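Report on the structure
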2 protein chains.
Amino acid sequence: MSDDGGFFAVARSQRAHRSFTTDPVPDDDLVRMLEAATWAPSAENSQPWLFVVVRDAGRRAALDDLARRLWAGGAKHATAHRSPAHVLAEVDRATEAGFGGAPVVVVVAGDTTACHRVSLASSVFPAVQNLLLAAASLGYGTALTTLATYATDEVRSVLDLPDHVDPLAIIPVGRPARPLGPSRREPVATRSHLDGYGRPFPAG
Amino acid sequence: MSDDGGFFAVARSQRAHRSFTTDPVPDDDLVRMLEAATWAPSAENSQPWLFVVVRDAGRRAALDDLARRLWAGGAKHATAHRSPAHVLAEVDRATEAGFGGAPVVVVVAGDTTACHRVSLASSVFPAVQNLLLAAASLGYGTALTTLATYATDEVRSVLDLPDHVDPLAIIPVGRPARPLGPSRREPVATRSHLDGYGRPFPAG
């Protein structure tokens, strides 16, 4: 496959959306997103992912409440010392906005009978990223949230998940209420090394 | 952004490559892959990723040897009970092939001073997936491997990584020695649920 502007344009456009219209998200589009997710690699091709498409308003509200309680109850405090004030304020606003009116929330989980727990995140988050990119490619906004998943048993209770299934990500999906510009990122050179830590890449 | 065949075609084509030509991988192409990686989301936009581009043959061989030793020394045994024989044989062959002659190996790590360790995988593996898709989009083959990263201190030693940096993924990059067809995956419907576990999605 030759250079494909499509992937780069989609990846560059991906942002964390916090506000959505009430436009519906048809099953067919969700199936395309989930199918793209399953194309991601996983340890020994174990495909340990599992998706719960949450349309029910009560269950969406329960997940939303859970994230708010965790943030107010300690996560904000634990984060405050390492995050700049503007990021903290942004997460504050995001948590307050919750799923921002998204008509669908997709919970991505991992099946611990299919894959060692130690390899579960590395086998599920590539699929999560495919899901987010597929959504962007179809004109939907998403946000990758993980906070509520640390209350594993409470998420299991909301979604009737058995004990061998670990929730890993909670993703609102909807049409963005407003377009967002490109993301801000540190330059590659500040995070890259050649052969060993501390040698610049790309070289001079 | 409207429906974009580019992303779906690239994602569908992604496979784990185990055999590469000796064609060089120019810095400019690696920078494009790493830049796409940095567009991925991370907890509170902490961007905890860190890349080591390993061109040095000695260091590549050291990482390769490490994976072989771990596989022979226990990982294969630990995996045998849950993986079908054909998958086990495939991983056997893959471990034997090592990085398959790839001229470059990219190690993706996480900076634990930038992000809680508990959020490190969810903040780095979306970037890893962007890197793999960018490579595919530019016509390169890759494979996502994690086995050697469990020998954290040994990888740190090979790459001079400080203690606050955790290696998370080791990715050979090169031109594929042969084209691979599409991947085999379980259908979405076998992994998807509506509102709660056990209710089929898509319905009926």
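Residues numbered from 1 in each chain as written. Chains lettered and ligands numbered in written order. Predicted model: local features only at pLDDT ≥ 70, side-chain atom pairs only at ≥ 80, totals over all residues.

**Digging into the interface of chain A and chain B**
- The interface of chain A with chain B comprises 75 residues on the first partner and 75 residues on the second.
- Of all the secondary-structure elements, those providing two or more residues to the side of chain A that touches chain B are α1 (5–13), α2 (27–38), β1 (49–54), α3 (57–80), α4 (85–97), α5 (120–137) and β5 (192–194) of chain A.
- For the side of chain A that touches chain B, the element with the most residues is α5 of chain A, which contributes eleven residues.
- Along the lines of polarity and charge, the residues of the side of chain A that touches chain B split into 39 nonpolar, 22 polar and 14 charged. (Contact = placed C-beta atoms within 7 Å. Helix = DSSP H or I, 4+ residues; strand = E, 2+ residues; numbered from the N terminus. Nonpolar A, V, L, I, M, F, W, Y, C, P; charged D, E, K, R; others polar.)

**As for the packing of α5 of chain A against helix α5 (residues 120–137) of chain B**
- Contact geometry of α5 of chain A with α5 of chain B gives a least axis separation of 8 Å together with a crossing angle of 60 degrees. Looking at the two axes, α5 of chain A sits oblique to α5 of chain B. The handedness of the crossing between α5 of chain A and α5 of chain B comes out as right-handed. Contacts from Ala121, Ser122, Phe125, Pro126, Val128, Gln129 and Asn130 of chain A of α5 of chain A reach α5 of chain B at Ala121, Ser122, Phe125, Pro126, Val128, Gln129 and Asn130 of chain B.
- Residues belonging to the contact of α5 of chain A with α5 of chain B are distributed by class as follows: eight nonpolar, six polar and no charged. (Axes fitted to C-alpha atoms, helices over the stretch in contact; angles between N-to-C directions. Parallel < 35°, antiparallel > 145°, perpendicular 65-115°, else oblique. Left-handed = near helix turned anticlockwise from the far one by under 90°.)

**Remarks on the relation of the copies chain A and chain B**
- Relative to chain B, chain A is turned by 180 degrees and slid 0.0 Å along the rotation axis, the superposed coordinates differing by an RMSD of 0.0 Å. Both copies of the chain, as the preceding transformation shows, are related through a two-fold rotation axis.
- Looking at chain A, 100% of its interface residues are interface residues in chain B too, so the copies touch through the same face. (Least-squares fit on C-alpha atoms with pLDDT ≥ 70 in both.)

**Notes on the sheet that holds strand β4 (residues 165–174) of chain A**
- Read across the open sheet, the five strands follow the order β3(A)-β4(A)-β2(A)-β1(A)-β5(B); overall the sheet is mixed. With partners counted over all chains shown, the strands left at the sheet margins are β3 (141–142) of chain A together with β5 (192–194) of chain B, one partner each.
- As judged from the two bridges shared by β3 of chain A and β4 of chain A, these two strands associate in the antiparallel manner. If you follow Thr142 of chain A over to β4 of chain A, its bridge partner there is Val173 of chain A.
- Sheet contacts for α2 of chain A: β1 and β2 (104–111) of chain A together with β5 of chain B; angle to β1 of chain A, the most-contacted strand, approximately 165 degrees.
- Along the sheet face, helix α6 (residues 152–159) of chain A touches β1, β2 and β4 of chain A and points at about 65 degrees away from the line of β4 of chain A. (Pairing = 2+ DSSP bridges.)

**What about the nonpolar core?**
- In terms of nonpolar packing, the biggest core is built from 126 residues, with Val108 and Leu131 of chain A together with Val108 and Leu131 of chain B touching the most fellow members.
- What Val108 of chain B contacts, discounting residues up to four positions off in sequence, is Trp49, Phe51, Val124, Val128, Leu168, Ala169 and Ile171 of chain B. (Core = buried A, V, L, I, M, F, W, Y, C linked by C-beta atoms within 7 Å. Buried ≥ 20, exposed ≤ 12 C-beta atoms within 10 Å, placed from the backbone.)

**Re the environment of Ala127 of chain A**
Residue and element names in this part refer to chain A.
- Mapped onto the elements, Ala127 comes out in helix α5.
- Of the residues examined, Ala127 has 29 C-beta atoms within 10 Å and is grouped as buried.
- Linking Ala127 and Asp92, residues 35 residues apart in sequence, is a C-alpha distance of 27 Å.
- Look past the residues within four positions of Ala127 in its chain and what remains in contact with it is Ala37, Thr38, Ala40 and Trp49.

**Description of the confidence of the model for chain A**
All names here are of chain A.
- Within chain A, residue pLDDT values average 91, and 95% of them lie at 70 or more.
- Considering only residues more than four positions removed or in separate chains, one finds that residues 1–5, a stretch of pLDDT under 50, has twelve contacts.
- Across the interfaces of the predicted complex, the ipTM metric reaches 0.93, alongside a pTM of 0.94. (pLDDT = per-residue confidence, 0-100.)

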